Amino acid sequence: MRDEMLSSILSELNGTSADIEASAIISIDGLMIAAMLPQGMDEDRVGAMSAAMLSLGDRTSDELGSGELEQVLIKGDTGFVLMIHAGKDAVVTVLAKPKAKLGLIFLDVKRAAENIEQIL
Amino acid sequence: MSNFKIVFSGPVGAGKTTAIASISDFAPVSTNENASDMTRERKPQTTVALDYGVMKLDGREKIHLYGTPGQERFNFMWDILTSGGLGLVLLLDNTRKDPLKDMTFFIDSFRDYISQTALAVGITQTDIASVPRLDIYNKKLREMKISAAVFEVDARKQADVSLLVQSLLFTIDPGLEY
Ligand SMILES: Nc1nc2c(ncn2[C@@H]2O[C@H](COP(=O)(O)OP(=O)(O)O)[C@@H](O)[C@H]2O)c(=O)[nH]1
Ligand SMILES: [Mg+2]
């Protein structure tokens, strides 16, 4: 039941924008809770990297005086990776196309993260 | 002022985060997060990125201390953190099911790094589990053709961890003064 609700949030999220290519919900210690990832992408790696990045983002934002972390954004030449807390025990990770309209994606992912927090 | 970097690794619960906190001269950076995996049976939190601390020697040398996560899913952090390092402190928890297997696993995982740098092994929780004893670890290391000092350490004790680190530094540079 919970898993289905989480999966439906992810498929809705992936559907809101053609620029969102994949998304996943990950426990704060790096284990996959739900995922809609491209074939062949290693869930364990995505999970562990998301947890590591988000945790470093938390510490960096705090120690360098930027306050509470809202998101971690990684820009590569062929796409974006966006990570946002879904409550204090989970992360939402989204992969988006390089020309994505980030403002809209931020909003959609933030809303999804709030829904996920309710369910977890 | 010269700077050295050493890396602490080993399985979950061996005491990497605790050891760095014990010897760091300032409040360490840690990335402990609530555990949802098997770790939870041993302790509530687990390192997901790194630990970082600094130990100063005689006011001139700075030893930068980096701790890794223990679970294999974080092994990309092992690569990242060893870059530029001069040695490995391997901590092993004597209460785990097969700490010798843990040792073999971590030495194999860090083999390239160890072959270019140095290794010191610290066995923790020997107050709870007294076996395997140090001679067993030494024998295994000889079989693996690895040269390393092995100590019993309590990661909570500054003196224990400091001795282990100093033995590693001595292998790296016998000229260092403490
Ligand atoms: N009894 C006992 N406890 C220890 C010893 N060394 C470390 N500990 C405890 O073992 C736990 C190790 O946790 P942590 O440092 O998070 O391990 P990590 O996963 O390697 O970072 C802590 O609760 C320490 O207080 C030891 O020699 N004896
Ligand atoms: Mg740790």
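It should be noted that the structure appears before, not after, this text.
Reading guide: rules and limits
- Residues numbered from 1 in each chain as written.
- Chains lettered and ligands numbered in written order.
- Predicted model: local features only at pLDDT ≥ 70, side-chain atom pairs only at ≥ 80, totals over all residues.
- Heavy atoms only, no water.
- Core = buried A, V, L, I, M, F, W, Y, C linked by side-chain atoms within 4.5 Å.
- Buried < 20%, exposed > 50% of the residue type's maximum accessible area, 1.4 Å probe, protein only.
- Helix = DSSP H or I, 4+ residues; strand = E, 2+ residues; numbered from the N terminus.
- Contact = heavy atoms within 4.5 Å.
- Axes fitted to C-alpha atoms, helices over the stretch in contact; angles between N-to-C directions.
- Parallel < 35°, antiparallel > 145°, perpendicular 65-115°, else oblique.
- Nonpolar A, V, L, I, M, F, W, Y, C, P; charged D, E, K, R; others polar.
- Donors = N, O, S within 2.8 Å, 3.2 Å for Na, K, Ca; no water.
- Phe/Tyr/Trp six-rings, centres within 6.5 Å; stacked < 30°, edge-to-face > 60°.
- Lys NZ or Arg CZ within 6 Å of the ring centre and 35° of its normal.
- Pairing = 2+ DSSP bridges.

Further remarks concern the nonpolar core. Residues and elements named next belong to chain B. Counting residues in each nonpolar core, the largest one holds 22 residues, and the members touching the most others are I6, F8, I63, L65, L91 and V165. Counting only elements with at least two residues in this core, the list comes to strand 1 (2-9), helix 1 (16-23), strand 3 (45-57), strand 4 (61-67), strand 5 (87-93) and helix 6 (158-172). Residue contributions to this core peak at five residues, all from helix 6. Excluding residues that lie within four positions of it along the chain, V165 makes contacts with I6, F8, I23 and M55.

All names here are of chain A. Running from amino to carboxyl end, helix 1 (residues 2-16) crosses helix 3 (residues 102-119) at an angle of 175°, the nearest separation of the two axes being 10 Å. When the interaxial angle is binned, helix 1 and helix 3 end up roughly antiparallel. On helix 3, the residues touching R2, M5, L6, I9, L13 and T16 of helix 1 are D108, V109, A112, N115, I116 and I119. Class assignment of the residues belonging to the contact of helix 1 with helix 3 gives a composition of eight nonpolar, two polar and two charged.

Around the magnesium ion (ligand 2), the protein contributes the donor atoms T17 of chain B (OG1) and T47 of chain B (OG1), which lie 2.1 Å from the metal centre. Taken together, the residues span a long stretch of sequence, with T17 of chain B in helix 1 and T47 of chain B in strand 3 at a distance of 30 residues.

Before going further, it helps to spend a moment on the packing of aromatic side chains. Residue and element names in this part refer to chain B. Summed over the entire model, instances satisfying the criterion amount to eight aromatic pairs over all chains. Summarising the aromatic geometry, the rings of Y52 and Y66 are spaced 4.9 Å apart at their centres and angled 45° between planes, so their arrangement reads as tilted. Of the two residues, Y52 sits in strand 3 while Y66 sits in strand 4, which places them 14 residues apart along the sequence. Given the relative accessible area of 19%, Y52 is considered buried. When the ring of F106 is compared with that of F110, the centres are 6.4 Å apart and the planes differ by 15°; the resulting orientation is stacked. A single burial state applies to F106 and to F110, both of which are buried. One aromatic cluster is present, built from ring pairs that chain together W78, F105, F106 and F110. The side chain of K5 reaches across the aromatic face of Y66, ending 4.7 Å from its centre.

Pairing is mixed across the open sheet formed by seven strands, whose spatial order is 2-3-4-1-5-6-7 (chain B). Since the sheet does not close on itself, it has two edges, and those belong to strand 2 (29-34) and strand 7 (149-152) of chain B, each with one partner. Pairs of neighbouring strands in the sheet enclose a mean axial angle of 20°, with direction left out of account. Pairing of strand 1 of chain B with strand 5 of chain B involves four bridges; the strand directions are parallel. What sits directly across from S9 of chain B, in strand 5 of chain B, is L90 of chain B. Against the sheet, helix 2 (residues 43-63) of chain A engages strand 2 and strand 3 of chain B, with an angle of about 125° to strand 2 of chain B.

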